[in-house]
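Single-letter residue listing:
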Amino acid sequence: SNKSGNKITMQKHKYVIFVTLFFIFFLIGCENNEPTPEEKAQVRAIGDQASDVLLRKLKSRLISAVQKSGPAGAINECKLDAIKLTHEATNNSKVPVAVKRVTNKYRNPINAPDEWDKKALTFFENKEGVRDYFPEFYVQKIQQDEAIHFRYYKPLKMYQMCLKCHGNKIKEDVRVRLNELYPNDLATGYAKGDFRGAIRVDIAKEYLQ
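What comes next concerns the included structure. Note that the structure is a prediction, hence the values are computed from the model and not measured. (Residues numbered from 1 in each chain as written. Predicted model: local features only at pLDDT ≥ 70, side-chain atom pairs only at ≥ 80, totals over all residues. Heavy atoms only, no water.)

1. What about the overall build of the protein chain?
- Along the protein chain, the regular secondary structure elements total 5 helices and 4 strands.
- The secondary structure elements of the protein chain, listed N-terminal to C-terminal, are α-α-β-α-β-β-α-α-β.
- Buried residues in the protein chain amount to 34% of all 209 residues.
- In the protein chain, the proportion of contacts linking residues at least 24 apart, taken out of those at least 6 apart, comes to 66%.
- Total accessible area on the protein chain is roughly 13300 Å²; 55% of this is exposed by carbon and sulfur atoms. (Helix = DSSP H or I, 4+ residues; strand = E, 2+ residues; numbered from the N terminus. Buried < 20%, exposed > 50% of the residue type's maximum accessible area, 1.4 Å probe, protein only. Contact = heavy atoms within 4.5 Å. Areas by Shrake-Rupley, 256 points an atom, 1.4 Å probe, with all protein chains shown as cover.)

2. Details of the side chain of His166
- With respect to the helices and strands, the residue His166 is situated in helix H4 (residues 163-166).
- On the basis of relative accessible area, His166 is assigned to the buried category, the value being 14%.
- When near neighbours in sequence (up to four residues on either side) are disregarded, His166 contacts Arg107, Met158, Ala187, Thr188, Gly189, Tyr190 and Arg196.

3. Let's talk about the sheet that holds strand S1 (residues 98-102)
- Read from one edge of the open sheet, 4 strands run S1-S4-S3-S2, paired in antiparallel fashion. Only two strands of the sheet have a single partner each, and these edge strands are S1 and strand S2 (138-144). Strand-to-strand twist in this sheet, taken as the mean axis angle between neighbours without regard to direction, amounts to 25°.
- Sheet topology places S1 next to strand S4 (residues 195-204); 5 bridges connect them, and they run antiparallel. Bridging from a neighbouring strand, Lys100 pairs with Arg200 of S4.
- Packed on one face of the sheet, helix H3 (residues 115-127) meets S1, S2, strand S3 (147-157) and S4 and runs near 160° to S2. (Pairing = 2+ DSSP bridges. Axes fitted to C-alpha atoms, helices over the stretch in contact; angles between N-to-C directions.)

4. Section: unusual backbone geometry
- Even without being glycine, Asp145 reaches a positive phi, approximately 60°.
- Relative to the helices and strands, Asp145 resides in the loop between S2 and S3.
- Owing to a relative accessible area of 76%, Asp145 belongs among the exposed residues under this scheme.

5. Comments concerning helix H2 (residues 37-91)
- The end-to-end C-alpha distance of H2 is 27 Å, clearly below the 81 Å that 55 residues give at a rise of 1.5 Å each.
- Along H2, the sharpest kink reaches roughly 120°, centred on Gly70 and followed within four residues by the proline Pro71. (Expected span 1.5 Å × (residues − 1). Bend = angle between axes of the 7 residues up to and from the residue.)

6. Re the nonpolar core
- Val43, Val99, Val201 and Ile203 are the most contacted members of the largest nonpolar core, which has 17 residues in total.
- The dominant element in this core, judged by the number of residues it contributes, is H2, at 6 residues.
- The residues touching Ile203, leaving out its near neighbours within four places in the chain, are Val43, Ile46, Gly47, Val97, His149, Phe150 and Leu208. (Core = buried A, V, L, I, M, F, W, Y, C linked by side-chain atoms within 4.5 Å.)

7. Overview of the pattern of salt bridges
- If you walk through the whole model with that rule in mind, you get 15 salt bridges.
- Here Lys57 ties to Glu88 by a salt bridge, and the two come within 3.8 Å at their closest N and O atoms.
- Since its relative accessible area comes to 24%, Glu88 is described here as partly exposed.
- Look at the salt bridges and you will find they share partners, linking Asp114, Asp117, Arg151, Arg200 and Asp202 into a network. (Salt bridge = Lys/Arg side-chain N within 4 Å of Asp/Glu carboxyl O.)

8. Quick notes on the environment of Leu178
- Residue placement: Leu178 occurs in helix H5 (residues 172-181).
- Looking at Leu178, the relative accessible area reads 3%, which means it is buried.
- Sequence separation between Leu178 and Ala72 is 106 residues, and the spatial gap between their C-alpha atoms is 8.1 Å.
- With residues near it in sequence (within four places) discarded, Leu178 still touches Ile75, Arg107, Cys165, Ile170, Pro183 and Asp185.

Below, the structure is given as structure tokens:
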């Protein structure tokens, strides 16, 4: 009787161990679902196009706003324009995509990262100290329920002109305006060349050829 009971108990333990290992390997497999080189190349082509258009327009609009209103006056224009231009990049892409700017040190809460974004941002942050090399992009392959989609990330670094509103030495009128519009601002303290965040381009698998 004791032998029979012990045997049943061992079988239960084996079953529990098997199920636990199965789910561990399943979760690991989902997290490490790496895109193939072909997928990565296609995603990059789409992501490059969408992100480059957004970057050019953002830079042009920023220069124009600063020349017109100065750094403090341009903050409100930039706030509205950045959101508008990001939506335009989504709508004007050659294939359906969703474009977003993400960063850990966000000024506007709509740019806060989700868990997948945090992994991408960490990838770039870990590369910052690598001499003479910084990745041009990063691609994730994500499976949620039955659907598969890809995320392309283009890293953003701080330019000199951006430091007027994001640097270590911000003029008082600029700081006052930032406090009015962004009371929980996290996006200051940068130096030229620092990693700022990324442009994210979401692409569904069915839009890859």
